[in-house]
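Understanding the architecture of this molecule
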Amino acid sequence: MIVRALQVTDLPEVLRIEQQAMPAPWNEAQLLAEREAVNGVGLVAETLHQICGYAFFRTCAPESELLRMAVAAEHRGHGVG
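Nothing here was measured: the structure is a model prediction, and the numbers come from that model.

1. What about the overall build of the protein chain?
Scanning the protein chain from N- to C-terminus turns up 2 helices and 4 strands. In the protein chain, the order of α-helices and β-strands from amino to carboxyl end is β-α-α-β-β-β. The C-alpha atoms of the protein chain give a radius of gyration of 12 Å, which matches the 12 Å a tight globule of 81 residues would have. Put simply, the protein chain has 81 residues, and 36% of those count as buried.

Dropping the structure here:
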C-alpha cells in the first residue's frame, strides 16, 4: 500500500467511497473544493492501483486537523486507516 497526494482524477473513486462510508456524504464539488483549499491536504491510500481510502486535512503549522477520512468497505480491517 502507498499513500500519495489526491489527484483530480481520483475524485470519482473518492466520491464512491464517501457515499458508501458517510451518513452525510460530501458531493464532488465539496471534495474538489477541499482538495483545492490553500491549506488543505488530500491523501489517498492505494493498493494494486486501486484507491482503498482517503483523508482530508487542513494545516496551519505546526498543527493539522483531520476533516474527513474513510476506507472502502472491502478494504476495512486491513490496516488502511
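Back to the write-up after that little detour.
2. A few points about helix α1 (residues 11–21)
For α1, the set of buried residues is L11, V14, L15, I17 and E18. Mapping the buried residues of α1 onto a view down its axis gives an arc of 165°, with all of them on the same face. Across α1 from its buried face, at more than 90 degrees, point the exposed residues P12 and Q19. Where α1 is buried, its residues contact α2 (28–36), β2 (40–47), β3 (50–60) and β4 (63–71).

3. A look at the nonpolar core
In this structure, L6, V14, I17, L31, V44, Y54 and F56 are the most contacted members of the largest nonpolar core, which totals 14 residues. If you list the elements that add at least two residues to this core, you get α1 and β3.

Scoring rules and cut-offs
- Residues numbered from 1 in each chain as written.
- Predicted model: local features only at pLDDT ≥ 70, side-chain atom pairs only at ≥ 80, totals over all residues.
- Heavy atoms only, no water.
- Helix = DSSP H or I, 4+ residues; strand = E, 2+ residues; numbered from the N terminus.
- Rg over C-alpha atoms; globule rule 2.2 N^0.38 Å.
- Buried < 20%, exposed > 50% of the residue type's maximum accessible area, 1.4 Å probe, protein only.
- Arc of directions from axis to C-beta.
- Contact = heavy atoms within 4.5 Å.
- Core = buried A, V, L, I, M, F, W, Y, C linked by side-chain atoms within 4.5 Å.

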